[in-house]
Amino acid sequence: MTEKIIVKERTGKYEELLNNCIEPETFIIDWEKNSNYELSFTAFDDHSLAFNLLTNENHIIADGQEFVIKTSEPTLSGSTHTIDVKATHIGYECTYVRTNESMDGSFGFTPKGLFDYVTKNGQKAGGFTYEIHGDFQPVQFDNMGKCSLKDVLSKITDSWKGSVYTFDNQHIDIWSESEFKKDNGRVIHYYHDTSDVKLSADTTELQNIAMVYPGQKEATKTDTSDNSSDDSTTKSDDTKKNDSDTTESKPEYIFPPFEVRDEDSIARFGEKAGEDINDDKSQNADDAKKSALSQMKSEPAITLTSTYYGDDDFFKGESVLLKVQPLNLDTNVTVVGIKKALLNFEQVKQITFNNTVQTYFDLENSTKNTITNLIDSKISNITNNSNGNNQSNKLWEVGEVK
């Protein structure tokens with residue numbers, strides 16, 4: 001059954017079926033966790049209302065979701081008239097839901113509190129709804145200023161490690177790392193289900209050592225003025241000015257600065273010292289250490305991409321067992337990106353997986369085993385040659401050099 005694609009005028013005044021003027025192989029929906037959800041396609045001029053509705057800020061309905069046209073690029077070549085269209089998911093229109101108020105000071109917020117801060121408890125939500133999945137402990141935010149719901153999403157993913165947001169039209173779901181992953185029991189076999197597996201491990205920004213500097217105590221002022229009346233009249237103006245000055249004592253930290261080290265990361269990658277971490281929120285060294293370890297990028301950034309030949313649809317956050325026999329790799333990965341051609345069933349889906357660092361460690365262990373086997377094999381060959389009555393030397397003795 002062919003997916004019905006609808007183009008709709010921004011206010012809903014007109015609505016038309018778009019399929020007839022779309023070049024099917026170009027119609028791509030691309031979702032990436034916490035960063036992108038868009039569709040793109042090329043349409044040709046069939047002199048229809050649908051084609052003429054492909055203008056900026058009109059809406060496309062596809063795959064059960066609504067997208068807003070942000071780019072439309074007409075091209076004329078001879079007698080051919082086409083338009084290249086890019087549309088972002090309507091969820092990103094939350095950037096236009098804003099608060100113009102601000103709050104001075106330090107406040108503890110959960111994701112729900114951040115949403116309520118911007119929308120005034122839903123009174124100014126602009127048609128958006130939200131739901132929180134998982135446990136989120138309050139985090140301190142300083143001097144909350146003017147911001148949008150899109151800013152809130154960024155604050156959430158920056159402040160709660162592993163958190164994810166997803167859109168279902170104008171409904172926003174916020175997931176903790178554990179709640180986002182859902183195991184459906186699916187297994188992908190290389191080479192049966194995919195002939196294309198690409199693993200990227202990036203250690204460019206690796207850091208496993210940092211100095212942590214806590215907040216400072218309030219500086220105290222000491223009065224150094226000389227109040228003696230006997231010689232006040234004999235002092236010069238400059239001396240009087242200096243005597244009446246106050247000096248500030250050296251600021252003190254609420255606890256001593258210290259070095260934090262991720263020993264597991266150091267054992268695997270060596271010492272990677274990086275920028276200092278300033279922590280004005282933690283009130284003791286233990287909390288500051290936990291916060292610093294969560295901020296440092298002490299593990300490589302891992303992305304695994306594969307094409308999939310099956311007819312099944314993957315869902316966001318699905319946990320999959322990936323088996324790659326040539327690498328002796330069996331590892332659990334999570335779907336964090338889906339790219340599919342909705343109207344061309346012959347085009348394969350491109351799935352991006354990511355499970356932080358476990359895939360890397362599984363591959364690393366597999367590689368170590370392979371290296372060990374190769375070394376053992378090499379040693380065995382050398383030993384056999386050595387025990388074979390110096391066969392290798394006798395090869396040189398077959399024809400004596402005169």
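Note that the structure is predicted; figures quoted are calculated from it, not measured.

(A) Representation of the overall build of the protein chain in the model. Along its length, the protein chain carries nine helices and 25 strands. Within the protein chain, the fraction of its 402 residues that count as buried is 36%. In the protein chain, once contacts between residues fewer than 6 apart in sequence are set aside, the share between residues at least 24 apart is 67%. Approximately 24,100 Å² of the protein chain is accessible, and the part contributed by carbon and sulfur atoms is 45%.

(B) Structural view of helix α2 (residues 111-119). By the criterion of burial, α2 is predominantly enclosed, with eight of the nine residues buried. Those residues of α2 that fall on the buried side of the exposure criterion are P111, G113, L114, F115, D116, Y117, V118 and T119. K120 lies just past α2 and shows a positive phi near 55°.

(C) Main features of the sheet that holds strand β21 (residues 277-279). A sheet is described by the order of its strands in space; here three strands give the open sequence β20-β17-β21, paired in mixed fashion. Looking at strand neighbours, the two that pair on one side only are β20 (258-261) and β21, the edges of this open sheet. This sheet shows a mean twist of 35° between the axes of neighbouring strands, independent of strand direction. In this structure, strand β17 (residues 209-214) lies alongside β21, joined through three bridges in parallel fashion. Residue pairing across strands places V212 opposite I277, the latter belonging to β21. Sitting on the sheet, helix α7 (residues 285-295) is in contact with β17, β20 and β21, with an inclination near 45° to β20.

(D) Region of the structure containing the packing of aromatic side chains. In this structure the tally under the stated criterion is twelve aromatic pairs. Taking 6.4 Å as the distance between ring centres and 35° as the angle between the ring planes, the aromatic pair formed by F255 and F258 counts as tilted. In this structure, F255 and F258 share a single accessibility class: buried. Site record: aromatic cluster; members linked through ring pairs are F109, Y117, F136, F141 and W160. The positively charged end of K281 is found above the aromatic ring belonging to F141, 5.7 Å away from the centroid. In this structure, K316 packs its charged tip against the face of W31, placed 5.3 Å from the ring centre.

(E) Seen up close, the pattern of salt bridges. Tallying each qualifying case throughout the model produces 14 salt bridges. The salt bridge involving E66 is made with K8; its shortest N-O contact spans 3.2 Å. One end of the pair, E66, is in strand β6 (residues 65-77); the other, K8, is in strand β1 (residues 6-8), and 58 residues separate them in sequence. As far as the burial class goes, E66 and K8 line up, both buried.

(F) Fine view of the nonpolar core. By size, the foremost hydrophobic cluster in this structure holds 63 residues, and its most contacted members are I5, L18, F27, L39, F41, L54 and I60. Setting aside chain neighbours within four positions, we find L39 in contact with F27, I28, I29, I60, A62, F67, V85, K86 and A87. Counting residues in hydrophobic clusters, the runner-up holds nine residues, among them F255, F258, V260 and A292.

(G) Seen up close, the packing of α2 against helix α3 (residues 149-159). Between α2 and α3, the least distance of the axes is 10 Å, while the angle of their chain directions is 165°. The angle between α2 and α3 falls in the class roughly antiparallel. The element α2 and its partner α3 pack so that their crossing is right-handed. Residues P111, L114, F115, V118 and T119 of α2 lie in contact with α3, whose contacting residues are L149, V152, L153, K155 and I156. Taken together, the residues of the contact of α2 with α3 break down into eight nonpolar, one polar and one charged.

(H) Quick peek at the side chain of D30. Secondary-structure assignment places D30 in strand β3 (residues 28-32). Although D30 lies buried, it forms no salt bridge, and the closest oppositely charged side chain, K339, sits 4.6 Å away as judged by the N-O distance. Once you skip the residues sitting within four places of it in the chain, D30 turns out to touch N36, Y37, E38, I338 and K339.

(I) Looking closely at the sheet that holds strand β14 (residues 171-175). Strand order in this open sheet of three strands is β10-β14-β13, and the pairing throughout is mixed. What marks the edges here is a single partner per strand, and that holds for β10 (129-133) and β13 (164-168). Pairwise comparison of adjacent strand axes, ignoring direction, gives a mean angle of 20° for this sheet. As paired strands, β10 and β14 are joined by five bridges and run parallel to one another. Residue pairing for β14: I132 is matched across the bridge by I174.

Definitions and cut-offs
- Positions within a chain are numbered from 1, following the residues in the order the chain's sequence is written.
- The predicted origin of the model limits local features to residues at a pLDDT of at least 70 and limits the giving and counting of side-chain atom pairs to 80 or more, whereas totals for whole chains, interfaces and linings rest on all residues.
- Hydrogen atoms and water are omitted, and side-chain values are computed over all heavy atoms in the structure.
- Note on conventions: DSSP H or I runs of at least 4 residues are helices, E runs of at least 2 residues are strands, and numbering of each starts at the N terminus.
- Burial classes follow relative accessibility: with a 1.4 Å probe on protein chains only, a residue under 20% of its type's maximum area counts as buried, one over 50% as exposed, and anything between as partly exposed.
- Every residue pair with non-hydrogen atoms within 4.5 Å of one another is taken to be in contact.
- Only the protein chains shown count as cover for residues, and the accessible areas themselves come from Shrake-Rupley with a 1.4 Å probe.
- Between any two strands, at least two bridges found by DSSP are needed for them to pair.
- Working convention: axes come from line fits to C-alpha atoms, limited for helices to the stretch in contact. Angles between N-to-C directions cover 0 to 180 degrees.
- Side-chain rings of Phe, Tyr and Trp (the six-membered ring for Trp) are treated as a pair once their centres are within 6.5 Å; stacked means planes under 30 degrees apart, edge-to-face means over 60, and tilted covers the remaining angles.
- In this analysis the charged atom, NZ for Lys or CZ for Arg, is taken to sit over a ring once it is within 6 Å of the ring centre and within 35 degrees of the ring normal.
- Salt bridge criterion: a side-chain nitrogen from Lys or Arg within 4 Å of a carboxyl oxygen from Asp or Glu.
- To form a nonpolar core, buried Ala, Val, Leu, Ile, Met, Phe, Trp, Tyr and Cys residues must be joined to one another through side-chain atoms within 4.5 Å.
- Any angle between 65 and 115 degrees counts as roughly perpendicular, while under 35 counts as roughly parallel, over 145 as roughly antiparallel, and the rest as oblique.
- Less than a right angle of anticlockwise turn of the near helix away from the far helix marks a crossing as left-handed, whereas a clockwise turn marks it as right-handed.
- Gly counts as polar in this scheme, as do all residues outside two lists: the nonpolar Ala, Val, Leu, Ile, Met, Phe, Trp, Tyr, Cys and Pro, and the charged Asp, Glu, Lys and Arg.
- In this charge count, Lys and Arg are treated as positive and Asp and Glu as negative; neither His nor the chain ends contribute.

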